[in-house]
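The lines below spell out each chain.
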Number of protein chains: 2
Amino acid sequence: MNSSGDSMAQADDESLLRETGASRDTSTSRDTGTLGKLVMLLDLVTHADVPLRFTDILALANQPRGTLHRQLGHLVAEGLLELDAEGRYAPGLRLLDFASRSWARNEFRLIAAPHLASLHRETGETVHLGVLRGSSIIYLDKVEGHQPVRMYSQIGNASPCYCTGVGKAALSVLSPVKLNELLSALHFNRFTPATHVKAESLLAEIGEIATAGHAFDREEHEAGICCVAAPIWSDDRSFIGGVSVTGPAYRLSMELLQEWTIPVQVTARKIMDEMRVRLGPRR
Amino acid sequence: MNSSGDSMAQADDESLLRETGASRDTSTSRDTGTLGKLVMLLDLVTHADVPLRFTDILALANQPRGTLHRQLGHLVAEGLLELDAEGRYAPGLRLLDFASRSWARNEFRLIAAPHLASLHRETGETVHLGVLRGSSIIYLDKVEGHQPVRMYSQIGNASPCYCTGVGKAALSVLSPVKLNELLSALHFNRFTPATHVKAESLLAEIGEIATAGHAFDREEHEAGICCVAAPIWSDDRSFIGGVSVTGPAYRLSMELLQEWTIPVQVTARKIMDEMRVRLGPRR
DNA sequence: TATGATTATTCCATTATTTGGAACTTTATT
DNA sequence: AATAAAGTTCCAAATAATGGAATAATCATA
């Protein structure tokens, strides 16, 4: 489960950016004036694999030189970006302070934590907790497996919804209207040979997932990595997320994944029950 | 070492905010136009202990109703804030995505990680890595217990420089001019009976720290917690941070802390040496 | 180290966005 | 049901952002 396309890590002039599916493509439509443009830049710099020079950003951001220069200057002045001695822009550490507080206080994560721990004890593999934001899954927590496996998942990372277990599980509990909206705006990106690249095939699988109550990821995002996931949602669907058990394909046979659908769904159920009690049944 | 004054966590109407020393007081002077105002709001909401309602923010932000309403609306639209069903504003999860990438790529942290691990093996206590940003220390990494890092446990939190081991160590390698600038703008906050609340006493200790090459925190930030720290800096002082070993006062006698000054300073030295090789000796 | 090429920064009249007071709507309280 | 409190919308005026072009600083190469 990787931040999206480590295979493209060697940057050439045309693809300094990682594509995270459709995480960026909504920012053009919603009108947030000056902020929208600045957040777009923030997105651009934070999603690049390496610090970007002014000209790199100029090519990517589609803004006039003067405008871009001032915008970057403001972001640097606020500590949201950092400009090194070689004139390269990197994400700023101020973002960490904001985010650490966002994470520390997140109620969903706090409620789920003990349940993730016991699911991890039961399976011995890495457990993830994620939440649907737009068309991305943001990972809120993870409990690592005992056996070290090279996996690039990172708490806080946004990953596409259409090729992750948690993502597909989340989609399966969306209302048909919302699901349709989301899918029609989705931009598919092939990460592995198994990645869904068409809405039709994805939609078909989502139907099965909705019936079964669990989703699999068979090396659809990262080669060699697969998982079982179950959705977690509030009554009014204003909140949608999921929990998963992830590991290397050579260790996780289809039979084993199938077996784990039960503990994963039980964990999801427990978290949901506790959310209803703690946050009120309505939402 | 905590996020800053957990002892004040019980919020009354007048102090929904945590004061982190002088982390917020610079935002008024630098001119970043619209962005500056929006970041101030972000700061306000992320540093509150609980989700804030519109009126709470109105009272704290000193902005007209209409203006504030649109600003918050934009922040919510961009996912930097979230507005729950009860009309309360909380930090948005989009911040996590930005920050996780900032953290994952941070070169200082990547270089330091193995050295932190061996310092932890040697001492058996919690090891912290921090960097000076403005008048705050931002914690970039920590090695705790025998488990690998949990990214946001406290990592990313900004703490005051004047009452943390890493902070005081960092101040000790600032140029006199910069130190003076920083101290004169500093707002002291008493966290424990041992906290420095005057520039004079702090300055005196910083002199001793500069000579000794290490700093102690004797329960100055959090009661019952003390540490030894050593500074880490680049040749041109464009980068300043530090490393520390932290633990409960009942376990860490002054003798033990004194003994650990050596491994802590050796660790700092190793990290600096490697930074010179990897990032160039100039800076 | 001189020269041309590339990259970064500054400037300012024009344009677009933000501002803020007030009216209005919704939600809680008595 | 009446009243108060909280939240939302509106729009002319004030302010900040824009973007093209000129200038300055760097880098690569002879």
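A brief report on the enclosed structure follows. Computed from a predicted structure; not experimentally measured.

## Focus: the overall build of chain A
For chain A, the helix and strand inventory stands at nine helices and nine strands. Looking at chain A residue by residue over its 283 residues, the buried ones come to 58%. Restricting to contacts in chain A with at least 6 residues of sequence separation, those with at least 24 account for 61%.

## So, the protein's contact with DNA strand D
Every one of the 16 residues lining DNA strand D counts as a neighbour, but Thr-67 and Arg-70 of chain A together with Thr-55, Arg-65 and His-69 of chain B are closest to it. In the model, a phosphate oxygen of DNA strand D is placed 3.3 Å from a nitrogen or oxygen of the Gln-71 of chain A side chain. Between DNA strand D and Arg-65 of chain B there is a distance of 2.5 Å, counted from a base nitrogen to a side-chain nitrogen or oxygen. Among the elements that make up the surface near DNA strand D, the one with the highest residue count is helix α3 (residues 65–77) of chain A (five residues). Across the surface near DNA strand D, the residue classes tally to two nonpolar, 10 polar and four charged.

## Topic: the pattern of salt bridges
All names here are of chain A. Applying the stated criterion across every chain yields a total of 28 salt bridges over all chains. The salt bridge partner of Arg-53 is Asp-56, with a shortest N-O separation of 3.7 Å. For Arg-53, a relative accessible area of 44% translates into the label partly exposed. What makes Asp-56 buried here is its relative accessible area of 18%.

## Describing the packing of aromatic side chains
Taken as a whole, this structure holds four aromatic pairs over all chains when the rule is applied. Positioned above the aromatic ring of Trp-103 of chain A is the side chain of Arg-109 of chain A, whose terminal nitrogen or guanidinium carbon lies 3.5 Å from the ring centre.

## Details of the protein's contact with DNA strand C
Neighbouring DNA strand C are 16 residues; Thr-34, Thr-55, Arg-65 and His-69 of chain A together with Arg-70 of chain B lie closest to it. Close to the protein, within 4 Å, the atoms of DNA strand C are drawn from sugar and phosphate at a rate of 70%. Between DNA strand C and His-69 of chain A there is a distance of 2.9 Å, counted from a phosphate oxygen to a side-chain nitrogen or oxygen. A distance of 2.6 Å separates a phosphate oxygen of DNA strand C from a polar atom in the side chain of Arg-70 of chain B. Going through the elements one at a time, α1 (33–47), α2 (54–61) and α3 of chain A together with α1 (33–47) and α3 (65–77) of chain B are the ones with two or more residues in the surface near DNA strand C. Looking at the surface near DNA strand C element by element, the count peaks at five residues for α3 of chain B. Partitioning the surface near DNA strand C into residue classes produces two nonpolar, 10 polar and four charged.

## Let's talk about the relation of the copies chain B and chain A
Overlay of chain B on chain A (RMSD 0.1 Å): rotation 180°, translation along the axis 0.0 Å. Interpreted geometrically, this transformation is the action of a two-fold axis. Interface overlap between copies is the fraction of interface residues in one copy that are interface residues in the other; for chain B against chain A it reaches 92%, indicating a shared surface.

## Remarks on the side chain of His-115 of chain A
Residue and element names in this part refer to chain A. For His-115, the position within the fold is in helix α5 (residues 107–123). Within the local environment of His-115, its side chain forms a polar contact with the side chain of Glu-274, the two groups lying 2.8 Å apart. Apart from residues no more than four positions distant in its own chain, His-115 is found in contact with Thr-267, Lys-270, Ile-271 and Glu-274.

## Observations concerning the interface of chain B and chain A
As a measure of interface size, the accessible area lost when the parts come together is often cited. Taken together, the 59 residues of chain B in the interface contact 56 residues of chain A. Around 4,900 Å² of area is buried between chain B and chain A when both sides are counted, 59% of it from carbon and sulfur atoms. In terms of surface lost to chain A, no three residues of chain B exceed Phe-98, Arg-101 and Arg-105 of chain B, which account for 15% of the buried area on that side. Asp-43 of chain A serves as the salt-bridge partner of Arg-94 of chain B, at 3.6 Å between the closest nitrogen and oxygen. Joining chain B to chain A, the criterion identifies 21 residue pairs in polar contact (both at pLDDT 80 or more).

## Thoughts on the packing of helix α4 (residues 94–105) of chain A against α5 of chain A
All names here are of chain A. In the contact formed by α4 and α5, the axes pass within 5 Å of each other and the chain directions differ by 55°. One way to sum up the angle between α4 and α5 is to call them oblique. Every residue of α5 that contacts α4 at Trp-103, Ala-104 and Arg-105 is listed here: Glu-107, Arg-109 and Leu-110. Classifying every residue of the contact of α4 with α5 by side-chain character gives three nonpolar, no polar and three charged.

## Points about the sheet that holds strand β4 (residues 126–133) of chain A
All names here are of chain A. Spatially, the six strands line up as an open sheet ordered β6-β5-β4-β9-β8-β7, and their pairing is antiparallel. Each end of this open sheet is capped by a strand with a single partner; those strands are β6 (158–160) and β7 (215–218). Each strand of the sheet is rotated relative to its neighbour by a mean of 35°, with strand direction disregarded. Bridging between β4 and strand β5 (residues 136–143) involves seven bridges; their strand directions are antiparallel. Its bridge partner lying in β5, Val-131 is registered against Ile-138. Helix-sheet contacts for α5 involve β4, β5, β8 (225–233) and β9 (240–248), and the interaxial angle to β4 is about 145°.

## Structural notes on α5 of chain A
Residue and element names in this part refer to chain A. With 17 residues, α5 should reach 24 Å at 1.5 Å per residue; the first-to-last C-alpha distance of 25 Å fits that figure. The sharpest bend along α5 reaches about 40° and sits at Ala-113, with the proline Pro-114 one to four residues further on. Where α5 is concerned, the buried positions are Phe-108, Arg-109, Ile-111, Ala-112, His-115, Leu-116, Leu-119, His-120 and Thr-123. On its buried side, α5 packs onto α4, β4, β5, β8, β9 and α9 (254–279). Capping the start of α5, Asn-106 holds a side-chain oxygen 3.2 Å from the backbone nitrogen of Phe-108, two or three residues further along. At the C-terminal side of α5, Gly-124 shows a positive phi close to 75°.

## Structural notes on the environment of Ala-112 of chain B
All names here are of chain B. Mapping Ala-112 onto the fold places it in helix α5 (residues 107–123). Judged by its relative accessible area of 0%, Ala-112 falls in the buried class. When the C-alpha positions of Ala-112 and Met-272 are compared, they lie 8.8 Å apart, and in sequence the two are 160 residues distant. If we skip the residues at most four places from it in the chain, Ala-112 touches Leu-129 and Ile-271.

Reading the values: the criteria
- Residues numbered from 1 in each chain as written.
- Chains lettered and ligands numbered in written order.
- Predicted model: local features only at pLDDT ≥ 70, side-chain atom pairs only at ≥ 80, totals over all residues.
- Heavy atoms only, no water.
- Helix = DSSP H or I, 4+ residues; strand = E, 2+ residues; numbered from the N terminus.
- Buried < 20%, exposed > 50% of the residue type's maximum accessible area, 1.4 Å probe, protein only.
- Contact = heavy atoms within 4.5 Å.
- Near = heavy atom within 4 Å.
- Polar contact = N/O pair within 3.5 Å; in protein donor to acceptor, adjacent residues only side chain to side chain.
- Nonpolar A, V, L, I, M, F, W, Y, C, P; charged D, E, K, R; others polar.
- Salt bridge = Lys/Arg side-chain N within 4 Å of Asp/Glu carboxyl O.
- Phe/Tyr/Trp six-rings, centres within 6.5 Å; stacked < 30°, edge-to-face > 60°.
- Lys NZ or Arg CZ within 6 Å of the ring centre and 35° of its normal.
- Least-squares fit on C-alpha atoms with pLDDT ≥ 70 in both.
- Buried area = accessible area lost by both parts, 1.4 Å probe.
- Axes fitted to C-alpha atoms, helices over the stretch in contact; angles between N-to-C directions.
- Parallel < 35°, antiparallel > 145°, perpendicular 65-115°, else oblique.
- Pairing = 2+ DSSP bridges.
- Expected span 1.5 Å × (residues − 1).
- Bend = angle between axes of the 7 residues up to and from the residue.

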